[in-house]
Amino acid sequence: MSTAARDVGLVWTMIVHSIVTGVLHILAKKQKGHHLYVIHAAKRIRKHVSITSTIILQKKQTEIKCNKFNYRQGRTYEDFQKYMEEHPDTAVVEMDTVRGLRTKEQVLLTIMFNNNSVMLMILIEEEAMDPVIEVFDKLTKVLGVKRFRKLFPVILTDNGRCFKNALALEYTKSGSPRAKIFYCDPQASWQKPHIEKNHEFIRYVIPRGKTFKGYTQEDMTLIANHINSTTRPGLEYKSPYDLVETEEMKKLLEVLKMSPVAADEICLSPKLLSKE
């Protein structure tokens with residue numbers, strides 16, 4: 001049975017439970033002599049619904065564990081191209097990570113919206129699946145599932161180990177769909193060219209090979225604000241922030257405390273984070 005079918009089944013089970021419980025309460029009021037029997041029946045129905053819900057959630061968790069090993073099924077770059085041919089107006093978001101040193105330490109989760117070139121820079125504790133899922137869950141909670149879906153309808157990423165739990169990224173813990181994930185071919189970073197090119201701006205401030213240890217999320221937000229405020233020929237000499245129009249995107253920037261920097265104050269060099 002598909003995820004959607006199970007979710008629909010769960011919803012209908014809960015609806016039937018509510019209706020039957022309501023009817024039983026009415027009968028209890030009208031037939032006082034059968035009050036104990038009615039209460040017993042209601043408890044049995046609630047127990048059945050609880051067991052059904054638990055089984056469905058356990059199956060979903062099992063699917064997510066299995067998905068870590070066949071995560072590319074139906075999500076390859078070829079699948080992405082076919083999907084975009086069928087849904088040409090769908091916005092695409094590219095996702096990646098940027099490392100400091102090749103050691104187990106903080107890394108940057110970068111997310112770029114291709115329709116306006118705005119890039120998010122989120123510092124995560126390590127390059128692993130759980131921190132990325134946690135970012136998705138937090139954004140879903142503060143934005144709401146509906147707004148999240150509009151912002152992240154299609155996400156194209158690479159095959160890094162932190163992105164391999166596809167179902168956990170595509171669905172909330174309660175099973176609501178929130179995004180479609182697709183993966184580039186192995187060793188084919190050129191298939192997500194926008195975010196790869198944008199990473200060059202980060203290196204102006206934090207040179208390649210320098211550790212991210214000691215930096216804070218406030219530092220990353222500051223860099224992102226300066227990058228997103230930089231005008232570019234490819235954007236008709238506008239900045240990514242100039243192209244922000246939708247209520248969803250404005251809300252996202254508000255939640256992440258991101259805002260434009262005046263043109264004469266933009267600094268894309270190590271001096272930006274200098275404590276001197």
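The model shown is predicted, which means the values in this text are computed figures rather than measured ones.

## Quick word on unusual backbone geometry
Even without being a glycine, Glu-236 presents a positive backbone phi close to 60 degrees. Along the chain, the position of Glu-236 falls in the loop between helix 8 (217-228) and helix 9 (247-255).

## A closer look at the packing of aromatic side chains
Within the structure shown, the criterion is met by eight aromatic pairs. Aromatic rings pair up to connect Tyr-77, Phe-80, Tyr-83 and Phe-182 into one cluster. For Arg-178, the ring lying beneath its charged end belongs to Phe-148, and the centroid distance is 5.9 Å.

## Concerning the layout of surface pockets
Of the voids in this model, the second largest pocket is the one considered here, and its volume is about 470 Å³. If you trace the second largest pocket, you find 16 residues lining it, with Ile-122, Val-135, Lys-138, Gln-217 and Leu-256 closest to the centre. Elements with a minimum of two residues in the lining of the second largest pocket: strand 3 (119-124), helix 4 (129-143) and helix 8. Top element by residues in the lining of the second largest pocket is helix 4. It accounts for six residues. Partitioned by chemical class, the residues of the lining of the second largest pocket number nine nonpolar, two polar and five charged.

## A look at the pairing of strand 4 (residues 154-157)
Residues Val-154 and Leu-156 of strand 4 are buried on one face, and the alternating residues Ile-155 and Thr-157, pointing to the opposite face, are buried as well. Taken together, the three bridges between strand 1 (residues 92-98) and strand 4 define a ladder with parallel strand orientation. The partner of Val-93 across the bridge, within strand 4, is Ile-155. Where strand 4 and strand 5 (residues 180-183) come together, four bridges link them in parallel fashion. Counted as the bridge partner of Ile-155 is Ile-181 from strand 5.

## Structural notes on the environment of Pro-131
Take Pro-131: it is sitting in helix 4. When the C-alpha positions of Pro-131 and Cys-162 are compared, they lie 8.0 Å apart, and in sequence the two are 31 residues distant. When near neighbours in sequence (up to four residues on either side) are disregarded, Pro-131 contacts Ile-124, Glu-125 and Glu-126.

## Digging into the pattern of salt bridges
Any two side chains of opposite charge can pair, given that their charged atoms come close. Summed over all chains, the structure comprises 13 salt bridges. The residue Arg-178 makes a salt bridge to Asp-137 at a minimum N-O spacing of 2.9 Å. Taken together, the residues span a long stretch of sequence, with Arg-178 in the loop between helix 6 (166-170) and strand 5 and Asp-137 in helix 4 at a distance of 41 residues. Overall, the relative accessible area of 1% leaves Arg-178 in the buried class. Here Arg-147 and Glu-247 are joined by a salt bridge, their closest N and O atoms 3.1 Å apart. With Arg-147 in helix 5 (residues 145-151) and Glu-247 in helix 9, the pair connects residues that are 100 residues apart, well separated along the chain. Residue class for Glu-247 comes out partly exposed when judged on its relative accessible area of 44%. Connected through shared salt-bridge partners, Asp-96, Asp-158, Lys-192 and Glu-196 make up one network.

Cut-offs used in this document
- Residues numbered from 1 in each chain as written.
- Predicted model: local features only at pLDDT ≥ 70, side-chain atom pairs only at ≥ 80, totals over all residues.
- Heavy atoms only, no water.
- Helix = DSSP H or I, 4+ residues; strand = E, 2+ residues; numbered from the N terminus.
- Phe/Tyr/Trp six-rings, centres within 6.5 Å; stacked < 30°, edge-to-face > 60°.
- Lys NZ or Arg CZ within 6 Å of the ring centre and 35° of its normal.
- 1 Å grid on protein atoms, 1.4 Å probe; cavity = no way out; pocket = protein on both sides within 12 Å on 5 of 7 lines; lining within 4 Å.
- Points joined across faces, edges and corners; volume = space filled by probe spheres on them.
- Nonpolar A, V, L, I, M, F, W, Y, C, P; charged D, E, K, R; others polar.
- Buried < 20%, exposed > 50% of the residue type's maximum accessible area, 1.4 Å probe, protein only.
- Pairing = 2+ DSSP bridges.
- Contact = heavy atoms within 4.5 Å.
- Salt bridge = Lys/Arg side-chain N within 4 Å of Asp/Glu carboxyl O.

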